[in-house]
Amino acid sequence: MFDVPEVEHLPYLPGQFVSFTHDIAGKKITRAYSTASAPQANRFELCLNRVEDGLFSPYLFQMQPGECLDMKGPLGHFTWKEPVHDSILVATGTGIAPFRGMLHAYLGSEPAREITLVFGVRYEHSLMYRGEFEEMERNHPNFHFLPTLSRPDESWKGREGHVQEHVFEVLGERRDMDVYICGMKAMVDDVRNRLKGLGFDRKQIIFEKYD
Ligand SMILES: Cc1cc2nc3c(=O)[nH]c(=O)nc-3n(C[C@H](O)[C@H](O)[C@H](O)COP(=O)(O)OP(=O)(O)OC[C@H]3O[C@@H](n4cnc5c(N)ncnc54)[C@H](O)[C@@H]3O)c2cc1C
């Protein structure tokens, strides 16, 4: 959770990212991180993966409360496309971050479009914000949460395999939905290519790649 002390209110569109810069081993390093929260005063939340041997992310994990770093933004265009259509949101790993903020901001607004979140991780314990998404599903009949594990253990009774398999099941014969995709390049490109193969217009495919 980060505060921007210079302002009382930090306006942004849910889904946008911030750009952090810090001196690491004598070099200025800049990295982007999606906001994981809807706007709230001058505070925003992030959802971070510590990349082993990464340059920047281990530094973020060492930070102590009260420490500062330089930030630009929020920036970017990975936000709800207006008007919102029935949509599928596809995330793997920390690619869930922008969807959390977008869902908090959108659910409850009218007209209530059908929104399905397909969230893939390896293990059950990596299903970040699971309780929140399950609660959203209970409170909003137009929201559907489909978690899937690529390395489930025997106790898992839910969906298995990669997000791709489930996205196309949700889509069925429909070609009128928007598909938002966020995560690593390999997954994003795979889903995009398959959607294009089905005849989806590029305007219906909204994506953010993390690498
Ligand atoms: C628009 C945008 C938004 C992003 N939002 C987030 C976010 O919300 N949370 C987040 O953790 N990262 C996010 N990233 C990735 C982030 O900017 C960094 O690339 C990541 O923290 C690794 O930086 P590093 O310096 O530690 O690793 P580097 O030394 O730059 O090593 C890069 C390696 O890390 C891998 N990698 C990058 N991001 C991830 C990740 N999230 N999970 C696993 N492997 C990764 C790359 O494929 C590459 O192999 C975002 C990237 C972009 C472009």
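Please refer to the structure higher up on the page.
Note that the structure is a prediction, hence the values are computed from the model and not measured.

The rules we used
Residues numbered from 1 in each chain as written. Predicted model: local features only at pLDDT ≥ 70, side-chain atom pairs only at ≥ 80, totals over all residues. Heavy atoms only, no water. Near = heavy atom within 4 Å. Polar contact = N/O pair within 3.5 Å; in protein donor to acceptor, adjacent residues only side chain to side chain. Helix = DSSP H or I, 4+ residues; strand = E, 2+ residues; numbered from the N terminus. Pairing = 2+ DSSP bridges. Contact = heavy atoms within 4.5 Å. Axes fitted to C-alpha atoms, helices over the stretch in contact; angles between N-to-C directions. Salt bridge = Lys/Arg side-chain N within 4 Å of Asp/Glu carboxyl O. Buried < 20%, exposed > 50% of the residue type's maximum accessible area, 1.4 Å probe, protein only. Phe/Tyr/Trp six-rings, centres within 6.5 Å; stacked < 30°, edge-to-face > 60°. Parallel < 35°, antiparallel > 145°, perpendicular 65-115°, else oblique. Left-handed = near helix turned anticlockwise from the far one by under 90°. Nonpolar A, V, L, I, M, F, W, Y, C, P; charged D, E, K, R; others polar.

A short note on the site of the ligand
Close to the ligand lie 21 residues; Arg 31, Ala 32, Tyr 33, Phe 56 and Ser 57 are nearest. A distance of 2.9 Å is found between a nitrogen atom of the ligand and a side-chain nitrogen or oxygen belonging to Asn 49. The side chain of Thr 94 places a nitrogen or oxygen atom 2.8 Å from a nitrogen atom of the ligand. At the level of secondary structure, the elements contributing two or more residues to the shell around the ligand comprise strand 3 (27-34), helix 1 (57-62) and strand 11 (205-209).

Section: the sheet that holds strand 7 (residues 115-121)
Taken in spatial order, the 6 strands make up an open sheet running 9-8-7-6-10-11, and their pairing is parallel. Edge positions in the sheet fall to strand 9 (159-160) and strand 11, since each has one partner strand and no second. Both strand 7 and strand 8 (residues 143-149) contribute to a ladder of 7 bridges, which runs parallel. Directly across from Val 121, in strand 8, lies its bridge partner Leu 149. Packing of helix 2 (residues 97-106) onto the sheet brings it into contact with strand 6 (87-92), strand 7, strand 8 and strand 10 (178-183), and relative to strand 10 it is tilted by some 140°. Contacting strand 6, strand 10 and strand 11, helix 5 (residues 185-197) crosses the sheet at an angle of about 160° to strand 10.

Side note on the pattern of salt bridges
Two side chains bearing opposite charge may form a pair once their charged atoms approach each other closely. Inspection of the entire model under this criterion finds 14 salt bridges. Between Lys 81 and Asp 178 there is a salt bridge whose closest N-O contact spans 3.5 Å. Taken together, the residues Lys 81 in the loop between strand 5 (70-75) and strand 6 and Asp 178 in strand 10 connect sequence positions 97 residues apart. On the basis of relative accessible area, Lys 81 is assigned to the partly exposed category, the value being 28%. For Asp 178, a relative accessible area of 1% gives the class buried. Between Lys 185 and Asp 189 there is a salt bridge, with its nearest N and O atoms 3.1 Å apart. Taken together, the positions of Lys 185 and Asp 189, both in helix 5 and 4 residues apart, correspond to about one turn of that helix. On the basis of relative accessible area, Lys 185 is assigned to the partly exposed category, the value being 40%.

So, the packing of aromatic side chains
One pass over the full model with this rule turns up 11 aromatic pairs. Pairwise contacts between aromatic rings join Phe 2, Phe 20, Tyr 33, Phe 44, Phe 56 and Tyr 59 into one cluster.

Things to note about the packing of helix 4 (residues 163-171) against helix 5
Viewed as axis vectors pointing N to C, helix 4 and helix 5 meet at an angle of 30°, and their least axial separation amounts to 10 Å. The orientation of helix 4 relative to helix 5 falls into the category roughly parallel. Helix 4 and helix 5 meet at a crossing whose hand is right-handed. The residues of helix 5 that touch helix 4, namely those facing Val 163, Gln 164, Phe 168 and Leu 171, are Met 187, Asp 190, Val 191, Arg 194 and Leu 195. For the contact of helix 4 with helix 5, a count of residues per class yields 6 nonpolar, 1 polar and 2 charged.

Looking at unusual backbone geometry
A cis amide bond links Glu 82 with the next residue in sequence, Pro 83, at an omega value of -10°. When you line up the elements, Pro 83 lands in the loop between strand 5 and strand 6. A cis geometry characterises the amide bond from Glu 110 onward to Pro 111, with omega recorded as -5°. Relative to the elements of secondary structure, Pro 111 occurs in the loop between helix 2 and strand 7. Although it is not a glycine, Ala 25 adopts a positive phi angle of roughly 50°. With respect to the helices and strands, Ala 25 occurs in the loop between strand 2 (17-24) and strand 3. Under the relative-accessibility criterion, Ala 25 is labelled exposed at 82%.

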